[in-house]
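# Working through the structure, step by step
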Amino acid sequence: LARCDARGLAPAPAPGVMAEGGADHAAGARDAQALASFVADPRRMDALLRTASAGVPKARLVAQRILAAAEPDARERSLSLASVHLLTASLEFFRHPGLADALMVLRRVWENAIPLFKTPTKELGILGTDRVGPHDGSALGKAVQSVGKLLSLGEPIVYQSRDRGLRGAQVLRTVPPSILAPETLAKSPAALHFELARALELATPERVLVASLSVPEGRNLFAAISAAFGPAEPPVADGRSAARNRDIATLAADLWRTLPPLAQKSVRELLGNAGPSFDYDTVALAVSSGAARLGLVACADPRCAVLRIAASDPLLAGLELRGHDALAEALERAPLLRDLARFALSDGFLDALSL
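Residues numbered from 1 in each chain as written. Predicted model: local features only at pLDDT ≥ 70, side-chain atom pairs only at ≥ 80, totals over all residues. Heavy atoms only, no water.

Attention shifts here to the environment of Leu355. You can see Leu355 is positioned in the segment after α18 (347–352). A sequence separation of 276 residues divides Leu355 from Leu79, and the C-alpha atoms of the two residues are 8.3 Å apart. If we ignore the near neighbours within four places in the chain, the residues touching Leu355 are Pro57, Lys58 and Leu61. (Helix = DSSP H or I, 4+ residues; strand = E, 2+ residues; numbered from the N terminus. Contact = heavy atoms within 4.5 Å.)

Written as structure tokens, this is what we have:
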């Protein structure tokens, strides 16, 4: 996540300064240093364990909840969190100002080339009766209302799925973008709130394409946008297959034909401003991390948030999160999980907690 850290991710708190006089001061300084070390590098499992055992009360509680994700028989526990204050006062924790131009390119493409990407609900097998209405009294309906209010979304478009194979909320390329939430999520209030908040953040015009396309499709999209509207570049022998090159060329031609002239001009200008930040891997990670942070705020339980990321991140496929060694491996493998853990122990999140 190094490329994103400079663009708005929570900075590490300043390391504690050792005060003169006594073992208590020395221990306190080491505890503060452990927290700072983990925030700076969430692969420091030793720093997380020390924070969980000897950190200041708020940091200790959060660290314990992160570790609980890898411990048997741990139960859900939502922390007392001033989420509204956190959202209104600390938006930099969720947004990435350095990627504003790149995200606006995606918004322009979505809004002006909807026919190339949209999937009608009929094709998805979704009926009007599947929509969760504003006055739905079910657990899902109440959670939709709560999360929608938290994120100031008005009346979000959410459909309920009875597909037991659907493990989390899914972003749909409908018009406007919507999400499909499995009814099985209602068994865990924390998981339900995390999944809804994360998915609703992703189901926005500037994020829906990154959130709903596969990784190969997303990379092709970025390459096609650059080919159609970016500055001319000499061909590079990068090892891509001829088939992929044809897919990119076809999509670039479709985009060029579909976007009206004013939209094309806007995209060209935005691409020029975005420069190297218009990169699929950079944008996808930033978008995913911002949505996961909102999910954590909505569920108010770091354990739940870690488990939801562990269950959905392809980089963690096949890893059973059992024991601290497994958690350490997960943090090593997954930049998204590292960012979530860093955020959970950042000053902004800790300041919003009440004990």
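The final tally for this structure, using the stated rule, is 17 salt bridges. When the shortest N-O distance is used, the salt bridge between Arg308 and Glu195 registers 3.1 Å. Here Glu195 lies in helix α9 (residues 189–202) and Arg308 lies in helix α15 (residues 302–312), a separation of 113 residues in the sequence. Judged by relative accessible area, which is 18%, Arg308 ranks as buried. With relative accessibility at 3%, the residue Glu195 sits in the buried group. Between Glu329 and Arg333 there is a salt bridge, with the nearest N and O atoms lying 2.7 Å from each other. One end of the pair, Glu329, and the other, Arg333, are both in helix α16 (residues 324–333), 4 residues apart, so they sit about a helical turn from each other. Overall, the relative accessible area of 36% leaves Glu329 in the partly exposed class. Connected via shared salt-bridge partners are Arg107, Glu111, Glu201, Glu206 and Arg207. (Salt bridge = Lys/Arg side-chain N within 4 Å of Asp/Glu carboxyl O. Buried < 20%, exposed > 50% of the residue type's maximum accessible area, 1.4 Å probe, protein only.)

This part covers the packing of α15 against helix α17 (residues 335–344). With their axes 10 Å apart at the nearest point, α15 and α17 run at an angle of 170 degrees to one another. Put simply, α15 runs roughly antiparallel to α17. Of the residues in α17, those touching α15 at Ala305, Val306 and Ile309 are Leu336, Leu337 and Leu340. (Axes fitted to C-alpha atoms, helices over the stretch in contact; angles between N-to-C directions. Parallel < 35°, antiparallel > 145°, perpendicular 65-115°, else oblique.)

Below, the discussion takes up the environment of Ser312. Turning to its location among the elements, Ser312 is positioned in helix α15. For Ser312 and Arg167, which are 145 residues apart along the polypeptide, the C-alpha to C-alpha distance reads 8.4 Å. Side chain to side chain, Ser312 and Arg198 meet in a polar contact 3.4 Å long. A polar atom in the side chain of Ser312 sits 2.9 Å from the backbone oxygen of Arg308. (Polar contact = N/O pair within 3.5 Å; in protein donor to acceptor, adjacent residues only side chain to side chain.)

Let us now look at the packing of aromatic side chains. By the definition in use, this model includes 4 aromatic pairs. When the centroid spacing of 4.4 Å and the interplanar angle of 20 degrees are considered together, the rings of Phe222 and Phe278 count as stacked. Of the two residues, Phe222 is situated in helix α11 (residues 215–229) and Phe278 in the loop between α13 (261–274) and α14 (280–299); the sequence distance between them amounts to 56 residues. With a relative accessible area of 5%, Phe222 lands in the buried category. (Phe/Tyr/Trp six-rings, centres within 6.5 Å; stacked < 30°, edge-to-face > 60°.)

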